[in-house]
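Chain by chain, the residues run as shown.
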Amino acid sequence: MKTEEEGKSQFYTCNCFTTDNIFLKDYKLHVRFESEQQFRLDYHALLRRLGCVTDQQFEDVLHEVSQEVDRRRRLSVTSAERAAVIKDVYQPIHPHVYHLQESYLTPKFKQIVELCRSGDPSEHSLLGLLEEEAAPQVYRFPVFEKSFCEELVEELEHFEQSSAPKGRPNTMNHYGVLLNELGFDEGFFTPLREQYLHPLTSLLYPDCGGRCLDSHKAFVVKYDMNEDLDLSYHYDNAEVTLNVSLGKEFTEGNLYFGDMRQVPLSDTECSEVEHRVTEGLLHRGQHMHGALPISSGQRWNLIIWMRASQERNKLCPMCNRKPTLVEGEGFADGFTKHFNASLNVSCVLT
């Protein structure tokens, strides 16, 4: 008989995470770095056209990219170290928000989930409870009660003001919180994904892994007039993404969606989608999107990247190659060395 620990999947990261999709904010460009020679050959001329015209400017970019590659190589270890220190030194002001309770969820969201669990709901009955936004297969629904959103933001602000170490979500978001390091995964996001979101994604996104989501990365991003204002056009390292507006007060800053990432931007017509506090937007991770600048106030967004190892084990969604795996902490980037047979479902990309 397997022990509980032996029964758990070991999750991995694709080696491309270290070298690919490095975002240069000053030039709004994602780059790949394997060596200085490769980087010069691939990007020197392009960066000049984007305004990186002097030798010193290029050396500054090279230094920035090299530092990011080095940070990513150490990320698994440094993240585990931060989480240990946070657990030891940080005192939450709202400890109850770390554990999912049904009272945090809106009645409509629970109604949607119950319908999905009911066996075989019709597409018409499900879509009657969801708002399909201007972009295809982007759905809106209320997720959390406003009182919970307010307490969660208070908790995150308290953490931001503390002396505890902090990791940032990615190279595109400089202000935010990695929620696994803060201790939210086991008691909150894993049951949210497994018990509430999985029934919904199974019906809405069966063609891109929605039936076999088995890991996630949850983080919060913050937009402020004196910090990050917007988010450039991109796709997510996820099969399915949930983006929930937590607050506070803000104006503008709509999301915009284009097409799937295989479609060139020149062939794409983008559609704007409004953020509403307490409501979530559910979409495919490979659906290109971005966030327009806020014009006043401050906005906090909860992002949950949900992954299906049965899909990404075949083809890494970030580098479009068969993944080469390196060990990671926790859910890492959602790759495993074998299919999880316990899911017993078919996940076929169309």
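Below you will find a few notes about this structure. Because the structure is predicted, anything quoted here is derived from the model rather than measured. (Residues numbered from 1 in each chain as written. Predicted model: local features only at pLDDT ≥ 70, side-chain atom pairs only at ≥ 80, totals over all residues. Heavy atoms only, no water.)

1. Quick look at the overall build of the chain
Formally: What counts as a helix is a DSSP run of H or I of at least four residues, what counts as a strand is a run of E of at least two, and both are numbered from the N terminus. As defined in this context, the radius of gyration uses C-alpha atoms, and a globule is described by 2.2 Å times the residue total to the power 0.38. With a 1.4 Å probe rolled over the protein chains alone, any residue whose accessible area is under 20% of its type maximum counts as buried; one over 50% counts as exposed, and the rest are partly exposed.
What the chain contains, in helices and strands, is ten helices and 16 strands. Scaling as 2.2 N^0.38, a compact globule of 350 residues should have a C-alpha radius of gyration of about 20 Å, and the chain matches this with 20 Å. For the chain, the C-alpha atoms occupy an extent of roughly 60 × 50 × 50 Å along the three principal directions. Looking at the chain as a whole, 52% of its 350 residues qualify as buried.

2. Overview of the packing of aromatic side chains
The following threshold applies: Only the six-membered ring of Trp is used, alongside the rings of Phe and Tyr, when aromatic pairs are assigned; centres must lie within 6.5 Å, and planes under 30 degrees apart are stacked while those over 60 apart are edge-to-face, with the rest tilted. Two conditions define a charge located above a ring, namely a distance within 6 Å from the ring centre to NZ of Lys or CZ of Arg, and an angle within 35 degrees of the ring normal.
Tallying each qualifying case throughout the model produces 18 aromatic pairs. Aromatic side chains Phe-144 and Phe-148 sit 4.9 Å apart centroid to centroid with 45° between the ring planes, which places their arrangement in the tilted category. These aromatic residues form a ring-pair network of at least three members: Tyr-98, Tyr-104, Phe-144, Phe-148, Phe-184, Phe-188 and Phe-189. Sitting over the face of the ring of Phe-331, Arg-193 holds its NZ or CZ atom 5.4 Å from the ring centroid. Above the plane of the ring of Phe-335 lies Arg-312, whose end atom (NZ or CZ) is 5.2 Å from the centre.

3. Details of the pairing of strand S9 (residues 240-247)
Selection criterion: Strands are treated as partners if at least two bridges between them are detected by DSSP.
For S9, the buried fraction is high: eight of the eight residues fall into the buried class. In the sheet, S9 pairs with strand S13 (residues 279-284) via five bridges, with the strands oriented antiparallel. Its bridge partner lying in S13, Thr-241 is registered against His-283. Pairing of S9 with strand S15 (residues 294-307), which is carried by seven bridges, proceeds in the antiparallel orientation. Paired with Val-244 across the two strands is Leu-302, which belongs to S15.

4. Some thoughts on helix H6 (residues 107-117)
Inclusion rule: As used here, the arc belongs to the directions running from the helix axis to the C-beta atoms.
Residues of H6 that are buried: Phe-109, Ile-112, Val-113 and Cys-116. Along the axis of H6, the buried positions cluster into a sector of 95°, meaning they face one direction only. Once H6 ends, the next one or two residues include Gly-119, with phi positive near 125°.

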